[in-house]
Amino acid sequence: MRTVRAAVVGTGFMGAVHSRSIVAAGGELVAVVGSTPAKGRAAAEAFGARSGVGTLDEALAEGVDVVHICTPNATHADLAEAAIKAGCSVVCEKPLATDAATAARLTALAERDGLVAAVPFVYRYYASVREARARIQAPGATPPWLLHGSYLQDWLADPNGTNWRVDAELGGPSRAFADIGVHWCDLAEYVTGQRIVRLHAHVGRSAQSRPGPDGTPVPVTTEDGAVVTFTTDTGALGSVVVSQASAGRKNALSFSFDGPDASYAFQQETPETLWIGGRDTNTTVARDPGRPGSPAPLRSTLPAGHPQGYYECFADFVADTYAAVRGEPADGLPRFADGLRAARITEAVLASAGTGDWADVPTDNTEEEHTA
């Protein structure tokens, strides 16, 4: 099996996660690109890369197959385009681009050149999520008519807290929704097979200003949270609450997809179980790859009782990406078309919040099927 050679652009938390997952997935971490050569070298030593450099061109010159982009949002598009033009496959952190038109162009470029281009919607890789998907989309199953849930964090609950993501010039016009709300929407569409077609959104801020680089308060223009109601292409109703300023909520992604015959509920912070509600009996299904009827394990073969976590899901996502690079099947791999989908939903959220009206979520034939 050919070893995939990778470069990581970015030296922060996500750069570390990607680097760890590359090694866990059997890839070779060739280079880490920092904002300066010194930062690249320091990150390469910390992440276990062969070399650390200061530019993407230097990394490409070392002969890599895949470029992982883990930099501030506003830089994603240019880096992705440069990698594609160099003939490299790409893994790009979301948002793929800070506007849908650019995301569409990148999606078309990668498809034109036949390159694997993926976006890490890694929550798809929890076994409990796959279990819910298999049951909901089983032949003859009655589809859910009510989709609801939330994604809540607290890393900006402190009004004096800040981060580069708060700055719209670096993070884009949407923050909380573009950062975490799109994860929830991706799961809703992936698990149910339905598509969000129309939505109504309200956005808000817990703090009207936050410290700037010099400590001086700077007005905040991006949202700390959002409440979105929507309808799907099958006529289902839905709602999602998103927040980055809810005290005590660390990474609380949850969904409940409810039907007349069964409802399915999942919580990312306790991912080993899937709750299935019935009219007469409720069931909690534990992850167990040895259970008859359990979704086939991906790269992970952890036995029951050995918790599958975020790192494991990320490594499975990277392994799927590299399988696709080698021309092997990769069922459910989130690609640039899914990143484009997220950008379109985000733009619809901002449009609705701006006008107070419902907004349509456009689709076109540049999007792949969600099950591709």
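Presented here is a report on the structure given in the accompanying data block. Quick caveat, the model's predicted, so the values are computed rather than measured. (Residues numbered from 1 in each chain as written. Predicted model: local features only at pLDDT ≥ 70, side-chain atom pairs only at ≥ 80, totals over all residues. Heavy atoms only, no water.)

Remarks on the side chain of Thr-346
Mapped onto the secondary structure, Thr-346 falls in helix H10 (residues 336-355). Not counting the four nearest positions on each side in its chain, Thr-346 is found in contact with Ser-174, Phe-177, Ala-178 and Val-182. (Helix = DSSP H or I, 4+ residues; strand = E, 2+ residues; numbered from the N terminus. Contact = heavy atoms within 4.5 Å.)

Considerations on the pattern of salt bridges
By the definition in use, this model includes 23 salt bridges. Note that Glu-131 and Arg-291 form a salt bridge whose closest N and O atoms lie 3.0 Å from each other. Here Arg-291 lies in the loop between strand S16 (282-286) and helix H9 (310-325) and Glu-131 lies in helix H6 (residues 127-136), a separation of 160 residues in the sequence. Salt-bridge contacts for Glu-189 lead to Arg-195; the nearest nitrogen and oxygen are separated by 3.4 Å. The burial state of Glu-189 is the same as that of Arg-195; both residues are buried. Within this structure, Arg-5, Glu-28, Arg-50 and Glu-62 form a network of salt bridges that share partners. (Salt bridge = Lys/Arg side-chain N within 4 Å of Asp/Glu carboxyl O. Buried < 20%, exposed > 50% of the residue type's maximum accessible area, 1.4 Å probe, protein only.)

As for the packing of aromatic side chains
Counted under the stated rule, the structure contains 11 aromatic pairs. Aromatic pair Tyr-126 and Phe-266: ring centres 5.8 Å apart, planes at 50 degrees, arrangement tilted. Of the two residues, Tyr-126 sits in the loop between strand S6 (117-118) and H6 while Phe-266 sits in strand S14 (residues 263-267), which places them 140 residues apart along the sequence. Of the two residues, Tyr-126 and Phe-266, neither departs from the other in class, the shared state being buried. A connected cluster of aromatic rings, assembled from ring pairs, spans Tyr-123, Tyr-125, Tyr-126, Tyr-151, Trp-184, Phe-230, Phe-255, Phe-257, Phe-266, Tyr-310, Phe-314 and Phe-317. Lying across the ring of Tyr-311, Arg-20 places its NZ or CZ 3.9 Å from the centre. Just above the ring of Tyr-125 sits the side chain of Arg-130; from NZ or CZ to the centre is 4.7 Å. (Phe/Tyr/Trp six-rings, centres within 6.5 Å; stacked < 30°, edge-to-face > 60°. Lys NZ or Arg CZ within 6 Å of the ring centre and 35° of its normal.)

Comments concerning the environment of Asp-78
For Asp-78, the location among the structural elements is in helix H4 (residues 76-85). For Asp-78, a relative accessible area of 59% translates into the label exposed. Along the backbone, Asp-78 and Gly-327 are 249 residues apart, and their C-alpha atoms lie at a distance of 26 Å.

Topic: the sheet that holds strand S17 (residues 359-360)
Sheet architecture is open: nine strands sit in the order S16-S15-S14-S13-S7-S12-S11-S8-S17, paired in mixed fashion. One side of each edge strand has no neighbouring strand; the edge strands of this open sheet are S16 and S17. Along the sheet face, H10 touches strand S8 (196-204), strand S11 (225-232) and S17 and points at about 55 degrees away from the line of S8. (Pairing = 2+ DSSP bridges. Axes fitted to C-alpha atoms, helices over the stretch in contact; angles between N-to-C directions.)

On their own, these measurements won't tell you what the molecule is for.
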